[in-house]
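A structural walkthrough
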Amino acid sequence: MKEQLIKWANSGDGDSMYKLAKIYQAEKDFSKYQHWLEKSAETKNFFAMQELADNLREKENYSAAREIYKEIVEISGDWQAMENLLDISSNDSETLKVILSKIERMYNEI
């Protein structure tokens, strides 16, 4: 199974990249975990983006985490990402604009 995931991941499949990252995490091969997590996040895999942002936040790399959370909010409107973004952004006006804009678009779609 792992060999097939590697093939799919190397061909650009973001879901396979994320699954492979989780396998490497379980195997405690953290450099490969990080590599595949980042690659999966680049494909806009929601779970990879969320996990990567959370990891960056835990390491206090708030600027990098903030950018990923903003992207998650813009793509999906995920409420947890909005909450995390507000938590690490000190309510700066740019962050508030991103969140309010997404909420307005979601409201207008309803």
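Our subject in this report is the structure included herewith.

The rules behind the values
Residues numbered from 1 in each chain as written. Predicted model: local features only at pLDDT ≥ 70, side-chain atom pairs only at ≥ 80, totals over all residues. Heavy atoms only, no water. Helix = DSSP H or I, 4+ residues; strand = E, 2+ residues; numbered from the N terminus. Buried < 20%, exposed > 50% of the residue type's maximum accessible area, 1.4 Å probe, protein only. Phe/Tyr/Trp six-rings, centres within 6.5 Å; stacked < 30°, edge-to-face > 60°. Expected span 1.5 Å × (residues − 1). Arc of directions from axis to C-beta. Contact = heavy atoms within 4.5 Å. Patch = residues over 30% accessible without salt bridge, like charges linked within 9 Å, V, L, I, M, F, W, Y side chains within 5 Å. Areas by Shrake-Rupley, 256 points an atom, 1.4 Å probe, with all protein chains shown as cover. Salt bridge = Lys/Arg side-chain N within 4 Å of Asp/Glu carboxyl O.

Our focus in this paragraph is unusual backbone geometry. Even without a glycine there, the phi angle at Lys 44 is positive, about 75 degrees. Following the sequence through the fold, Lys 44 ends up in the loop between helix H3 (30–42) and helix H4 (46–58). You will see that Glu 60, though not glycine, has its phi angle at about 65 degrees, which is positive. Tracing the backbone shows Glu 60 in the loop between H4 and helix H5 (62–76). Overall, Glu 60 belongs to the exposed group, its relative accessible area being 57%.

Moving on, we come to the packing of aromatic side chains. Two aromatic rings, taken as a pair, are described by how far apart their centres are and by the angle between their planes. Inspection of every chain in the model, using the stated rule, returns 2 aromatic pairs. Through a chain of ring-to-ring contacts, three or more aromatic side chains come together here, namely Tyr 18, Phe 46 and Phe 47.

Let us look at helix H7 (residues 93–109). The terminal C-alpha atoms of H7, which comprises 17 residues, lie 24 Å apart, in line with the 24 Å expected from a rise of 1.5 Å per residue. Within the span of H7, buried status applies to Thr 95, Val 98, Ile 99 and Lys 102. The buried residues of H7 occupy one face: seen down the axis, they fall within an arc of 90 degrees. In H7, the exposed positions that point more than 90 degrees away from the buried face belong to Ser 93, Lys 97, Leu 100, Glu 104, Tyr 107 and Asn 108. Residues of H7 that are buried sit in contact with H5 and helix H6 (79–89).

Once that is clear, we can look at a nonpolar patch on the surface. Among the surface-exposed residues, Trp 79, Leu 86, Leu 96, Leu 100 and Ile 103 lie close enough to one another that they form a single nonpolar patch of about 450 Å² accessible area. For the nonpolar patch, the elements supplying multiple residues, two or more each, are H6 and H7. For the nonpolar patch, the leading source of residues is H7, giving 3 residues. Relative to the helices and strands, Ile 103 resides in helix H7. The exposure class assigned to Ile 103 is partly exposed, which follows from its relative accessible area of 30%.

Glancing now at the pattern of salt bridges. Applying the stated criterion to the full structure yields 6 salt bridges. Here Lys 22 makes a salt bridge to Glu 51, at a shortest N to O gap of 3.1 Å. You can see Lys 22 sitting in helix H2 (residues 14–26) and its partner Glu 51 sitting in helix H4, a full 29 residues away along the chain. For Glu 51, a relative accessible area of 12% corresponds to the buried category. For the salt bridge of Glu 71 with Lys 44, the shortest nitrogen-to-oxygen distance reads 2.4 Å. Separated by 27 residues along the polypeptide, Glu 71 in helix H5 and Lys 44 in the loop between H3 and H4 bring together distant segments of the chain. Judged by its relative accessible area of 26%, Glu 71 falls in the partly exposed class. On the basis of relative accessible area, Lys 44 is assigned to the partly exposed category, the value being 43%.

Take it as geometry only, folks, not as evidence of what the structure does.
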